[in-house]
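# Structure at a glance
Read off the chains here:
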Amino acid sequence: MEFFKLCSRKESTEEILGKNSVEEEGKENTDITQALSKLTEPTSVPIPKLSVSNMVHSARKRIRRHRRLDQSPLNNDVLNSILLYLFPDAALDKSDTSEAKATQSNPGGKHNQDKDTEDYNLFNLLKSAPSDSLTYRLALCICLVNFYHGGVRAVAHLWQEFVLEMRYRWENNCLIYGLAAGSPDLRCCLLHQKLQMLNCCIEHKKARDESRKEGGRDKKETTSCENGLLGPDSGRAGGSGGSPGKSWDSWSDSEDEFYECLSDTEEMKEAPAEGAKGAKSKPDGRLQPHGKLTLLNSDEPLYIPITQEPAPMTEDLLEEQSEVLAKLGTSAEGAHLRARMQSACLLSDMESFKAANPGCTLEDFVRWYSPRDYVEEEVTDETGQTVVRGNLSARMQIPGNMWVEAWETAKATPARRQKRLFDDTKEAERVLHYLAVQKAADLTRHLLPCALHAAVLKVKEEESVEDIPSVRKAIQQVTSHASKLLRHPNPDYKKLEETINQLMVVETIIARARSLKAKFGLGKGEKGDKGVDPDDLEKFVGSLLEEPEVAVIGAGRGPAGSIIHKLFVSAQRLADSSDEAALLAPLEDDPGRVGGSDDRKPMGGGSGVPDFPPPAGREILLRTCVPRPAPYSKALPQRLFCVLMREEFRLAGAFSSDTSFF
């Protein structure tokens, strides 16, 4: 409930933590949002020192310096332990790549069979995050920090450190621990999708940098071989190899990109030269042959091309895209523009297919991309032989078909030289900006499904130990109600508060059950009194939890009544005695009770403490069955109830009569 109260806070992270360090002296150097503008300003400082990374690092240092001046909400030891819990891969030896990869692939230590259980898939109902994910652990840490370590200021502090860690991992190509590989899972909460999107960006950037380095090494080896043929001193005289003694890894990103563009330019120059000689264009970007299929116009095998993966998207990006497409209207021009916007991936695949299969046709592409749109049928040719011929489907032959237009405009370009469908740099900066501007209330709303998820799992775990049917049913109702609320784009927070209150009631029932079992000697490792059936006591405790009134079998001398009497005696001693030794003495050794636990009368000597507290009132209940209104009428139940208290009394009667003949 304390975590839920953060939803009403309106302050930003900077306002909660105090004066924004970005607004201090040196504003022109510390403003992260103006980092790109600073890169374009004329300056005498070397360009490498004006990178976006250096601008962010400079701002980060000033943020931490500002925190040292003011008291940090979170202790360094607490903060480091939390960050280590969130990112345990930071403690692994980076040289041990096998262990790091194994930990990344199985972050929570869960087995595959555990992921098929109902409890693990509970995140699908509540739209939260898997219980072994980073988002789930972050929600637990935020709740813990808010309750025990400083409230909303500690939450803002931890969130700022988390965002800085995300920035660091993006800049240094470190995958985010505790996130499943692949595109964002739309079944999860939006924050989890954003973190998955950032992880996708890191994966793409890391793969691109590695391929760039491999290409650079191959090019360097080729250049060194050519220089070796010219002579030992040719490397010094020529200027093609760059500065001597400098490894490929030491070149900056800008030099890498220039090198890659230069190689592409050389390939572009070689293409017209080959075309001028009348030779067929060289295939590029082939992945593998497509079975036994061959091109329709030749006997060349049909190759599956290397294509770009579709851009991953989160649910908010999908919503923005659908709004843009809807605004285009229903006119012919709008429909055509909408189709062109949606065919970017199709055009990229066509260009890759043309590059991998020179001389191919649209029919060849359709046979690979959409086999259902290529219809084959047996026909008889002019010689009377039966042959199989194929044609495009009817929808592919409609005038103005988008596939035909895209095929005509597509150029033979391999995927590595195409414009990227997924701009990982742009998307990563969008995610990092989205994370940085989140307020404490926004963060709470994002993590509330995960907090409820954790609460339900914990209550289920505790209920499985106590085995309370009413609690089991209440958990199912709470889960169903929360699932309906959390799947709404703008959930009703008053109803969510009611759901949280229901969970608190369930926790109270479980605590009562545990307390009653301990008091009646039903706890683990406890031995009950001899001659007492534990099953009877368990049924009695279960009835206390489930029913409003329970009959005590055997009254005060039965097994349950004896324990209840001891509880009352202990409570009376605790309330009326100030002697600690008397409180700690066993009940059977009390000198005022010579008759033991079976004697209910307080003795005049000794402590003189009564066994029971003074009664607040006296209840008298009379029940009978008598014939009314005549002696020969049917006997029916009659009831008279009386309550006598110090300042008032009440009488209540319920009388019945036979109305068959009266």
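Just so it is clear, the model here is predicted, and its values are computed rather than measured.

The rules we used
- Residues numbered from 1 in each chain as written.
- Predicted model: local features only at pLDDT ≥ 70, side-chain atom pairs only at ≥ 80, totals over all residues.
- Heavy atoms only, no water.
- Helix = DSSP H or I, 4+ residues; strand = E, 2+ residues; numbered from the N terminus.
- Buried < 20%, exposed > 50% of the residue type's maximum accessible area, 1.4 Å probe, protein only.
- Arc of directions from axis to C-beta.
- Polar contact = N/O pair within 3.5 Å; in protein donor to acceptor, adjacent residues only side chain to side chain.
- Salt bridge = Lys/Arg side-chain N within 4 Å of Asp/Glu carboxyl O.
- Pairing = 2+ DSSP bridges.
- Phe/Tyr/Trp six-rings, centres within 6.5 Å; stacked < 30°, edge-to-face > 60°.
- Lys NZ or Arg CZ within 6 Å of the ring centre and 35° of its normal.

Across the junction of Arg628 and Pro629, the peptide omega takes the value 5°, indicating a cis bond. Residue placement: Pro629 occurs in the loop between strand S5 (617-627) and strand S6 (635-645). Notably, Asn173 is not glycine yet its phi reads approximately 55°, a positive angle. In this fold, Asn173 is placed in the loop between helix H9 (152-171) and helix H10 (190-230).

Within the span of helix H17 (residues 402-409), buried status applies to Met402, Trp403, Ala406 and Trp407. Burial along H17 is one-sided: seen end-on, the buried residues are contained in an arc of 130°. Two or three places before Trp403, at the start of H17, stands the capping residue Asn401, its side-chain oxygen 2.8 Å from that residue's backbone nitrogen.

This model, assessed by the stated rule, comprises 21 salt bridges. As a salt-bridge pair, Lys127 and Glu315 come within 3.1 Å of each other at their nearest N and O atoms. Of the two residues, Lys127 sits in the loop between helix H7 (122-126) and helix H8 (134-148) while Glu315 sits in helix H13 (residues 315-327), which places them 188 residues apart along the sequence. Note that Arg420 is salt-bridged to Asp424, the shortest N-O span being 2.9 Å.

Time to look at the pairing of S6. In this sheet, S6 lies alongside S5 in antiparallel orientation, the contact comprising 11 bridges. Its bridge partner lying in S6, Cys625 is registered against Pro637. Summarising the sheet, S6 and strand S7 (residues 649-654) pair through 6 bridges and their orientation is antiparallel. Bridge pairing in S7 links Leu644 to Phe649. Hairpin geometry of S6 and S7 is characterised by an intervening segment of 3 residues between the two adjacent antiparallel strands.

Under the definition given, this model contains 13 aromatic pairs. Pairing Tyr369 with Trp403 gives two aromatic rings, centres 5.7 Å apart and planes at 75°, and the pair type is edge-to-face. Taken together, the positions of Tyr369 in helix H16 (residues 362-369) and Trp403 in helix H17 put the pair 34 residues apart, joining distant regions of the chain. Of the residues examined, Tyr369 reaches a relative accessible area of 31% and is grouped as partly exposed. Relative to Phe612, the ring of Phe568 has its centre 5.1 Å away and its plane inclined at 55°; by these criteria the two rings are tilted. Residue Phe568 is located in helix H23 (residues 559-576), and its partner Phe612 is located in the loop between helix H24 (580-584) and S5; the two are separated by 44 residues in the primary sequence. Taking the relative accessible area as the measure of exposure, Phe568 reaches 35% and is therefore partly exposed. Three or more aromatic residues joined by ring pairs make a cluster, and in this case those are Phe353, Phe365, Trp368, Tyr369, Trp403 and Trp407. For Lys194, the ring lying beneath its charged end belongs to Tyr434, and the centroid distance is 4.7 Å. Positioned above the aromatic ring of Trp170, the side-chain terminus of Lys205 is 4.4 Å from the ring centre.

That is the geometry; function is a separate question.
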